[in-house]
Amino acid sequence: MVPAGGRDAEGGIGHEVQRLMPSRPAVTGYGLDAAPVRRQHATQGGRQMRIYTRTGDEGTTSLIGGRVSKDHLRVEAYGELDELNSFIGWAAACCQGDAYEEIRQQLIEIQHEVFDCGSDVAYAEKKQGEVVYKVHSEQVERLEGWIDDHNAHTEAIRKFILPGGSEAASALHVCRTVCRRAERRLVTLAREETVHQQVMKYVNRLSDYFFVAARRANAIASVPDEEYVRSAEVFRRKSRHDGA
C-alpha cells in the first residue's frame, strides 16, 4: 500500500478513524466509507471487517469529523505520511544483520510515530480544537538524540553527498526525500487550516534523521559516501544535517 503522492490515501489510519467513529461499519484505509454492498472480509481482533465499501467511488472520503474530496489538502498531507511510512518499512527491511539492529528498531518506532502524525492531521478542521494530539515534544527530542548519536559515529563531511551507497543507505535516502515532500504538503495545509505544531517539528526533524541514519548505514557497511563533484564546501561538523 503506497499511495502515490497521497492521491488516494485509502490505507493506514482508517482503522483509527473507525475506532473513533464506531457507528460506521467499515473502513477503507485513511478514509472511512461504508455501504451495504456484497463484500470481502478481513479478520481483526476476532471481528470481520469490510475492506471495500464503494462509497468513495465518486471521489470523496471521510476525515475524522467530516467528509471531503480525496484531493483535499488534508488528505494529500496524510497521504504523503502514509507513503513515507511504507518506505520506512522498506528501509527497515533493508537493515539486515546485528550491526543494523539499532537503526532497524528506531525505524519501527518511527513508523508508529509517523502513524501518530497522520492521525493528528486526519481530524477535520472543525475538530482540531478538540483533539488530544498524539505527537508531543518528547518524540521530537528523542529524534534529536538519535540524530546526534548517528552523527557522532560518522566521518565529517565538507560537501554535498550523492544519495546512495549501501542498500540500506539508499532506502533511507528515499525516506529522506519523501519526508521532505510530506513536510511541503504540511506547510501548504498549514497556510489554509490548522496543523499540530509538534507534527510540523517532528517531520522536519525526521528528514534530518534519515540523512544521518543513511550515513551511519554506509559507515556500518564500510561504504564511503560519494561527494558531489561540483559541490562547494557547505558543511561544518556542527549539527547541520540535511537542511533547515
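So, a few notes on the structure that sits alongside this text. (Residues numbered from 1 in each chain as written. Predicted model: local features only at pLDDT ≥ 70, side-chain atom pairs only at ≥ 80, totals over all residues. Heavy atoms only, no water.)

Examining the packing of helix H5 (residues 167-192) against helix H6 (residues 197-220)
The geometry of H5 relative to H6 is characterised by a closest axis approach of 8 Å and an angle of 165° between their N-to-C directions. One finds that H5 runs roughly antiparallel with respect to H6. Considering the relative orientation of H5 and H6, their crossing is left-handed. A class-by-class count of the residues in the contact of H5 with H6 yields 16 nonpolar, four polar and four charged. (Axes fitted to C-alpha atoms, helices over the stretch in contact; angles between N-to-C directions. Helix = DSSP H or I, 4+ residues; strand = E, 2+ residues; numbered from the N terminus. Parallel < 35°, antiparallel > 145°, perpendicular 65-115°, else oblique. Left-handed = near helix turned anticlockwise from the far one by under 90°. Nonpolar A, V, L, I, M, F, W, Y, C, P; charged D, E, K, R; others polar.)

Looking at helix H2 (residues 73-94)
Counted at 1.5 Å a residue, the expected span for H2 with its 22 residues is 32 Å, and the 32 Å between its end C-alpha atoms agrees. When you tally the buried positions in H2, you get 16 out of 22 residues, the bulk of the element. (Expected span 1.5 Å × (residues − 1). Buried < 20%, exposed > 50% of the residue type's maximum accessible area, 1.4 Å probe, protein only.)

Quick word on the nonpolar core
Within the largest apolar cluster, 56 residues are counted, with the highest numbers of intra-cluster contacts made by Leu84, Leu107, Ile110, Tyr202, Leu206, Tyr209 and Phe210. For this core, the elements supplying multiple residues, two or more each, are H2, helix H3 (101-121), helix H4 (137-152), H5 and H6. Among the elements that line this core, the one with the most residues is H6, at twelve residues. Residues in contact with Leu84, not counting those within four places in the same chain, are Val114, Cys175, Val178, Cys179, Leu206 and Phe210. (Core = buried A, V, L, I, M, F, W, Y, C linked by side-chain atoms within 4.5 Å. Contact = heavy atoms within 4.5 Å.)

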